[in-house]
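# Coordinate inspection notes
The chain contents come next:
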Amino acid sequence: MNFVVPDFYPAAAEIFVAIMALVVMLASTFARGVRWLAYALTQFTLIAAAFVTIYTLKGDVSYTFSNLFIGDLLGDLLKLLIYFSMAIALLYGRGYLADRNIDKPEYYVLALLMTLGMMVMVTANHMLPLYIGLEMMSLGLYAMVAFDRDSARSTEAGMKYFVLGALASGLLLYGMSMIYGATGSLEFSGIANAVYHQAANKTVLLFGIVFLMAGISFKLGVVPFHMWVPDVYQGAPSAVTLIIATAPKLAAFAMAVRLLIWGLFDVAEQWQSMLMFVAVLSIILGNLAAIAQTNLKRMLAYSGISHMGFMLLGLLSGVVEGDRHYALNAYSSAMFYAVSYVIMSLASFGMIILLSRAGFEADSIDDFKGLNKRSPWFAAMMMFVMFSMAGIPFFIGFFAKLSVLQAVVAAGYLWIAIIAVVMSVIGAFYYLRVVKVMYFDPPVDPAPIHAPAELRVLLSANGLAIAALGLAPQALMSVCAYALLASL
Amino acid sequence: MTDIPFLSLAIWVPILGGLLVLATGSDRNAPLARGLALLVAIAGFIVTIPLYVGFDASTSAMQFVELQAWIPRFNINYHLGVDGISVLFVLLNAFITIMVVLGGWKVIEEKVAQYMACFLVMSGLMNGIFSSLDGILFYVFFEASLIPLYLVIGIWGGPNRVYAAIKFFLYTLCGSLLMLLALLYLFMQADGSFSILDWHQLPLNIAEQTLIFFAFLVAFGVKVPMWPVHTWLPDAHVEAPTGGSVVLAAIALKLGAYGFLRFSLPIVPDAAQEYSGLIITLSLIAVIYIGFVALVQTDMKKLVAYSSISHMGFVTLGFFMFNPLAIEGALVQMISHGFVSGAMFLCIGVLYDRMHSRQIADYGGVVHTMPKFAAFFMLFSMANAGLPATSGFVGEFMVILGAVQFNFWIGFGAAITLILGAAYTLWMYKRVVFGPVANSHVAELEDLSAREFAFLAILAVCVLAMGLYPFPFTEVMHASVDELLRHVAVSKL
């Protein structure tokens, strides 16, 4: 048996982040007094990783590590977006953590390991690395949720997330084993091959898909596996909620795409009908439950459930009665939706952090009362986010909804489209309520906003990006479409 | 001359100008914000004048067309153009914006820059609605224009403003999202084109036409508003500040009616003919029933709001008569109503600013203290009632004539409005203006200031000019209306 040295080149970014995570850990051990070191190194790592990814970017698809790893444009693009949203999330959260005295170096080590986990998920070509990446991401997140260990809520949320997350991982693993049993392969192309030649045991395969779907649904936080979402969002420190609501959604999207489209495309109609159930229920429940919330983080959690449901509408519109003509259009609309959601989500939690200060969490909707009096500029930014999430033009959220609805209508699921728009009207109500408290109500606490300059600048840029991408969504849309086209 | 993109200017001058006004910041700079806003509004009006002057009335084709790819991924284009149906609304809108800026000059003391900016941005967005030839572009402007109006009602409105603002927003959003689905469906059927002009030629079977027709009906019916989805309008009007009411009545209501002419009739002509009976019934209910409702109102703004619904019922009635007289009459009625209802709300605003009450019962004998105001108010009330020689008469008369051609009894039903309109308007006028001075507050009223006199006088001239010589208005729309009717008469089946 001869040993072949694998080609490390496509995985350069992953290797780099893994090494840097260790470097940050060691550096912060030996230079405990230098508080900014871990943060600075982490940001440096994320930026440098982006350069490495861009540098190693290739138009074609490459495999390495005995086909465990796939390097393609979709993966590279998602990785770039993950660095980007992690970097912004860490920047937003820094002052918040310092105010609460939890800006420990371990936080940044966990963030880097979590990033690495997501990168592995995105580039997995095999069930095992996919699962390892997922666990790496999740373990990092569990610890981060409970990071404020003196807060009962935070530890409770961490515990809940951990127990339910472990259960979901178990389900996913069970599904993977069934699929392995049915197809005899853990590699996506092998699975696809077996399914294509109808060599797989249909019953076992379908059961496997059901379990996979449970795992994916949990990670995306959609009905009926959404129970953890509101509690964790509310209980976790806002800086961590910000992270949960952004980059992991992209990783979960990648997981869904790799498993369902790379592996199980030939039984698309089976999983599409499951997704239909999940997506429609998420949109209905997410929007209805959000109305009753008084806590903004909880409201955004429910709104996130409905957004993820909306995103799934894109994934389930790919194949219609065996016709794959619209598949690319549908999947790229789902990806565009996921990316748009991440951009909006960053800004929405960023606003909560902006208004929070030491000893005070601005996570109640009432804390936004009279924001227009206190700071017209940031009230306008939050208004952009809210209208964008409600799907009102000229904001990016509208074009995200438009592209998904277009895919749904093209697939002929008019009834789903009608449910989706009716629920959007209901959803508009609670977004409007946030605008209402900011603009129509007098401020409870007239103090001007104190926040570090970098947070203000970045948050403004984020808000303006939501408007600017709404005026010119073409570039982002075509990047999503192109990445999928080049990778499929 | 045709190289200058006047339509883009009409849209973006007010929007960018509005953002500039916003940049003046806090209320310390309020005089600057006001001055700048007036300047932008006037500039916004000036750039629309070439649209009328350079308009070729002999053709029904789109003019001042601008076409640029916007989102090639979905073949969405920045496609603008006006024909005889839409061009007048662009001008009306730009004109009314000046009135609104003047109307809010003194009254608005808080967040002046934001107030002015909201109206300017809204004005630009509404010009966008009237000149879009791309379905998504239309939709984008249509929806985006909700945001400033929502803020205007909610920030500067009356005590129950939150309810009114949210109700207004959700009603309209519900209708327009169904329209979005219709637009997406048309996009699929037209092989990936969002061009409204392509859709005019698109063959559709009756089942498709019916669904699309009702999707449009909900969207535009809410906006018009037609009975029974009109209930948001009185709430919005009562709570909105004067400027908000003026824009709502003069322009926003026209968007729905315009949508019928641009979308429903030409895209789904067979369904439009099939269900014309339904629309005619709803319109007559609006005209007669809402007329009676207006009669019993005790709040002046509510009364004029119901009168607007009744007048808009006239407009939708005219559209579904399918003859040129009625459609042109309805268009004239829309423009006239823009002037008259705008003027009525400004008049009520003048009273409200002094007395802080809109209740008819709080007034009486205003003529003794405000004679100049009483004269203007008289003229506009007469116009609202449809007195000959005012603009209100021309449109109503044309629609009634057209309706009689179609069916005598429909014409008869429509004509009842002349009696009802006179009854509710003039009765209100009598109670507010005539009689002995009702109380000490009325006795202390001051007559019009120079600013108020100016904007009421300009509107009075418009109302009279249009009533005495409507030819410049009807001339423009003739070719386009004829073409529309020719198109509607050809079945798409």
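Scroll up to find the structure this text is about.
Structural notes, computed from the coordinates.

Cut-offs and rules
Residues numbered from 1 in each chain as written. Chains lettered and ligands numbered in written order. Predicted model: local features only at pLDDT ≥ 70, side-chain atom pairs only at ≥ 80, totals over all residues. Heavy atoms only, no water. Helix = DSSP H or I, 4+ residues; strand = E, 2+ residues; numbered from the N terminus. Expected span 1.5 Å × (residues − 1). Buried < 20%, exposed > 50% of the residue type's maximum accessible area, 1.4 Å probe, protein only. Salt bridge = Lys/Arg side-chain N within 4 Å of Asp/Glu carboxyl O. Contact = heavy atoms within 4.5 Å. Buried area = accessible area lost by both parts, 1.4 Å probe. Polar contact = N/O pair within 3.5 Å; in protein donor to acceptor, adjacent residues only side chain to side chain. Nonpolar A, V, L, I, M, F, W, Y, C, P; charged D, E, K, R; others polar. Axes fitted to C-alpha atoms, helices over the stretch in contact; angles between N-to-C directions. Parallel < 35°, antiparallel > 145°, perpendicular 65-115°, else oblique. Left-handed = near helix turned anticlockwise from the far one by under 90°. Core = buried A, V, L, I, M, F, W, Y, C linked by side-chain atoms within 4.5 Å.

### Brief notes about helix H11 (residues 247–263) of chain A
An ideal rise of 1.5 Å per residue puts 24 Å on 17 residues; H11(A) measures up with 23 Å between its terminal C-alpha atoms. Counting buried positions along H11(A) yields 17 of 17 residues, so the element is predominantly enclosed.

### Looking at the pattern of salt bridges
Residues and elements named next belong to chain A. Counted according to the given criterion, the structure contains 15 salt bridges over all chains. Across the salt bridge formed by Glu-361 and Arg-100, the nearest N and O atoms sit 2.8 Å from each other. With Glu-361 in the loop between helix H14 (327–355) and helix H15 (371–374) and Arg-100 in the loop between helix H3 (73–99) and helix H4 (105–122), this pair connects stretches of sequence that are 261 residues apart. Among the salt bridges present, the one from Asp-150 reaches Arg-149, with a minimum N-O distance of 3.8 Å. Several salt bridges share partner residues, and in doing so they unite Glu-156, Lys-160, Asp-231 and Arg-298 into one network.

### Quick look at the interface of chain A and chain B
Each partner contributes to the interface: chain A provides 40 residues, whereas chain B provides 37 residues. The junction of chain A with chain B conceals about 3400 Å² of combined surface from both sides, 82% of it contributed by carbon and sulfur atoms. When the buried surface of chain A facing chain B is broken down by residue, Phe394(A), Val425(A) and Phe440(A) rank first, second and third, together holding 19% of it. Our count for the chain A to chain B interface comes out at 0 salt bridges. Taken together, the connections running from chain A to chain B amount to 7 residue pairs in polar contact (both at pLDDT 80 or more). The element contributing the most residues to the side of chain A that touches chain B is helix H18 (residues 414–439) of chain A, with 11 residues. Across the side of chain A that touches chain B, the residue classes break down as 29 nonpolar, 9 polar and 2 charged.

### Here we look at the packing of H14(A) against helix H17 (residues 396–410) of chain A
All names here are of chain A. Between H14 and H17, the least distance of the axes is 9 Å, while the angle of their chain directions is 160°. Between H14 and H17, the angle falls in the class roughly antiparallel. Seen along the crossing, H14 lies across H17 with a hand that is left-handed. Between H14 and H17, the contacting residues are Asn-329, Ala-330, Ser-333, Phe-336, Tyr-337, Ser-340, Ile-343 and Met-344 on the first element and Ile-396, Gly-397, Phe-399, Ala-400, Lys-401, Ser-403, Val-404, Gln-406 and Ala-407 on the second.

### Observations concerning the nonpolar core
One finds Leu264(A), Trp271(A) and Phe380(B) to be the most contacted residues of the largest nonpolar core, which totals 407 residues. In terms of residue count, H14(A) provides more of this core than any other element does, 21 residues in total. With residues up to four places along the chain from it excluded, the contact list for Trp271(A) reads Ile209(A), Met213(A), Leu260(A), Ile261(A), Leu264(A), Leu315(A) and Tyr331(A).

### A short note on the packing of helix H12 (residues 242–267) of chain B against helix H16 (residues 324–355) of chain B
Residue and element names in this part refer to chain B. Viewed as axis vectors pointing N to C, H12 and H16 meet at an angle of 165°, and their least axial separation amounts to 7 Å. In terms of their interaxial angle, H12 and H16 are classed as roughly antiparallel. You can see that H12 and H16 cross each other, and the crossing is right-handed. Two secondary-structure elements touch here, H12 through Thr-242, Ser-245, Val-246, Ala-249, Ala-250, Leu-253, Lys-254, Ala-257, Tyr-258 and Leu-261 and H16 through Ile-327, Leu-331, Met-334, His-337, Gly-338, Ser-341, Gly-342, Phe-345, Leu-346 and Gly-349. The residue inventory of the contact of H12 with H16, partitioned by class, reads 12 nonpolar, 7 polar and 1 charged.

Remember, this is a structural readout, not a statement about activity or role.
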